[in-house]
Amino acid sequence: DGGITQSPKYLFRKEGQNVTLSCEQNLNHDAMYWYRQDPGQGLRLIYYSQIVNDFQKGDIAEGYSVSREKKESFPLTVTSAQKNPTAFYLCASSWDSENQPQHFGDGTRLSIL
Amino acid sequence: QKEVEQDPGPLSVPEGAIVSLNCTYSNSAFQYFMWYRQYSRKGPELLMYTYSSGNKEDGRFTAQVDKSSKYISLFIRDSQPSDSATYLCATGGDSNYQLIWGAGTKLIIKP
């Protein structure tokens, strides 16, 4: 089955710790995205990537980092600089990034210990 | 003013009713319009994708775009309890590679 796999489903972070959220897709999509979802605020774009080894900051990139070494993988690191990391994180992909519909994974819920 | 406005609800209707969900947007350059359904603790699922003005129908779902008034709608006929979810609208097409998202409307279908 083609799709997007995010892991883990739940993640806990200690103070001062970096954590990495995994996102893998087997849809052969070129573009991948990371969103943060908070209650009542919809989706906010953290980072996106149109091709391998290239990515751009979204609206709320501070405190986050990404890499795109392989077409199918786009991991997100939540660094200790992100002071309010508790949220639902969603990864998405699309055929290309110009207004194509995006397909989502089932998210990772990150909480602070 | 947000670029896409969407009433957060919750909207509660009885089973079998026709549901109308709506968004307004501010940028007249937007040309692509999408509706997603999101169940609790799940990722959004694409329901409808439309380009420019007009209607698009898929089973019990109809998406409608009125570019003159910058208004997009999703109608659900014969609503079922399984339709209970949050519905997100999204739009794009102003030469920016990002989609602009509404905050989502929580829909509750009462049996």
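Draft legend 1. Structural view of unusual backbone geometry. Omega for the bond connecting A:S7 with A:P8 falls within 30 degrees of zero, at -5 degrees, which places this linkage in the cis form. Topologically, A:P8 is positioned in the loop between β1 (4–7) and β2 (10–13). The omega torsion across B:G9 and B:P10 is 10 degrees, close enough to zero to call that bond cis. Relative to the assigned elements, B:P10 resides in the loop between β1 (4–6) and β2 (11–14). For B:K70, which is not a glycine, the phi torsion comes out positive at approximately 55 degrees. Relative to the assigned elements, B:K70 resides in the loop between β7 (61–66) and β8 (71–76).

Draft legend 2. Quick look at the packing of aromatic side chains. Applying the stated criterion across every chain, the model contains 13 aromatic pairs over all chains. Taking the centre distance of 5.7 Å and the plane angle of 80 degrees together, the rings of A:F104 and B:W101 count as edge-to-face. With one member in each of two chains, A:F104 in strand β10 (residues 103–104) and B:W101 in strand β10 (residues 100–101) form a pair that bridges those chains. A relative accessible area of 12% means that A:F104 is categorised as buried. A residue is classified by how much of its surface remains accessible, and B:W101, at 10% relative accessible area, is buried. Look at B:Y25 and B:F33: their rings are 5.1 Å apart centre to centre, the planes differ by 45 degrees, and that puts the pair in the tilted class. As far as the burial class goes, B:Y25 and B:F33 line up, both buried. Counting every residue linked through ring pairs, the aromatic cluster contains A:Y33, A:Y35, A:Y48, A:F104, B:Y36 and B:W101. The residue whose ring lies beneath A:R68 is A:F74, and the NZ or CZ to ring-centre distance is 6.0 Å.

Draft legend 3. Inspection of empty space enclosed by the protein at higher detail. Residues and elements named next belong to chain B. This structure, assessed with the given rule, holds 2 cavities of 30 Å³ or more. As a volume, the largest cavity reaches approximately 40 Å³. Forming the boundary of the largest cavity are F33, M34, W35, T50, A63, Q64, V65, I72 and S73. Mapped by element, the contributors of at least two residues to the lining of the largest cavity are β4 (32–38), β7 and β8.

Draft legend 4. Region of the structure containing the state of the cysteines. Residues and elements named next belong to chain A. With the rule as written, the count across this model stands at 2 disulfides over all chains. One disulfide in the model links C23 with C91; its S-S distance is 1.9 Å. On the sign convention where negative means left-handed, the S-S torsion of about -75 degrees between C23 and C91 marks this disulfide as left-handed. One end of the pair, C23, is in strand β3 (residues 19–25); the other, C91, is in strand β9 (residues 87–94), and 68 residues separate them in sequence. Assigned by exposure class, C23 and C91 land together as buried.

Draft legend 5. The pattern of salt bridges, seen in detail. A complete count under the given rule lists 7 salt bridges over all chains for this structure. B:E45 serves as the salt-bridge partner of B:R37, at 3.0 Å between the closest nitrogen and oxygen. The class of B:R37 is buried, set by a relative accessible area of 12%. Ionic contacts of the salt-bridge type, sharing partners, join the residues A:R36, A:D38 and A:R44 into one network.

Draft legend 6. Layout of the interface of chain B and chain A. Counting residues at the interface gives 19 residues for chain B and 23 residues for chain A. Roughly 1,800 Å² is buried in total at the junction of chain B and chain A, and carbon and sulfur atoms are behind 53% of that figure. For the interface between chain B and chain A, the tally reads 1 salt bridge. Residue A:D106 is joined to B:K42 by a salt bridge in which the shortest nitrogen-to-oxygen separation is 3.6 Å. Our enumeration of links across chain B and chain A arrives at 4 residue pairs in polar contact (both at pLDDT 80 or more). Sorting the residues of the side of chain B that touches chain A by element identifies β4 and β5 (45–51) of chain B as the ones contributing at least two each. With 4 residues, the single largest contributor to the side of chain B that touches chain A is β4(B). When the residues that make up the side of chain B that touches chain A are grouped by side-chain class, the tally is 10 nonpolar, 7 polar and 2 charged.

Here is what the cut-offs are and how they apply
Residue numbers restart at each chain and count upward from 1, following the sequence in its written direction. Key to labels: chains lettered from A, ligands numbered from 1, both in the order written. Only residues with pLDDT of at least 70 get local features here, since the model is predicted, and only at 80 or more are side-chain atom pairs given and counted; chain-wide, interface and lining totals rely on the full set of residues. In computing side-chain properties, one takes all heavy atoms of the structure into account and sets aside hydrogens as well as water. Working definition: helices are DSSP H or I runs of at least four residues, strands are E runs of at least two. Numbering for both runs from the N terminus. Stacked, edge-to-face and tilted are the three classes for Phe, Tyr and Trp ring pairs, Trp counted by its six-membered ring, which pair at centre distances within 6.5 Å; planes under 30 degrees apart are stacked, over 60 edge-to-face, the rest tilted. Burial classification: accessible surface area is computed with a 1.4 Å probe over protein chains only, and a residue below 20% of its type maximum counts as buried, one above 50% as exposed, and the rest as partly exposed. Charges are assigned to positions over rings by a cutoff of 6 Å between ring centre and Lys NZ or Arg CZ, combined with an angular limit of 35 degrees from the ring normal. Think of a 1 Å grid over the protein atoms and nothing else: a 1.4 Å probe that fits but is trapped marks a cavity, an open set flanked by protein within 12 Å on at least five of seven lines marks a pocket, and residues with an atom within 4 Å of a point count as lining. Grid points are joined across faces, edges and corners, and a volume is the space filled by probe spheres set on the points. In what follows, a disulfide is any cysteine sulfur pair within 2.5 Å. Salt bridges are identified by distance alone: a Lys or Arg side-chain nitrogen within 4 Å of an Asp or Glu carboxyl oxygen. Note on contacts: a residue pair is in contact if any heavy atoms of the two residues lie within 4.5 Å. Here the quantity called buried area is the accessible surface, traced with a 1.4 Å probe, that two parts lose on coming together, added over both. Pairs of N or O atoms are called polar contacts if they sit within 3.5 Å, as long as, within protein, a hydrogen donor faces a hydrogen acceptor (for residues adjacent in sequence, only side-chain-to-side-chain pairs). Each residue is assigned to one class: nonpolar for Ala, Val, Leu, Ile, Met, Phe, Trp, Tyr, Cys and Pro, charged for Asp, Glu, Lys and Arg, and polar for all the others, Gly among them.

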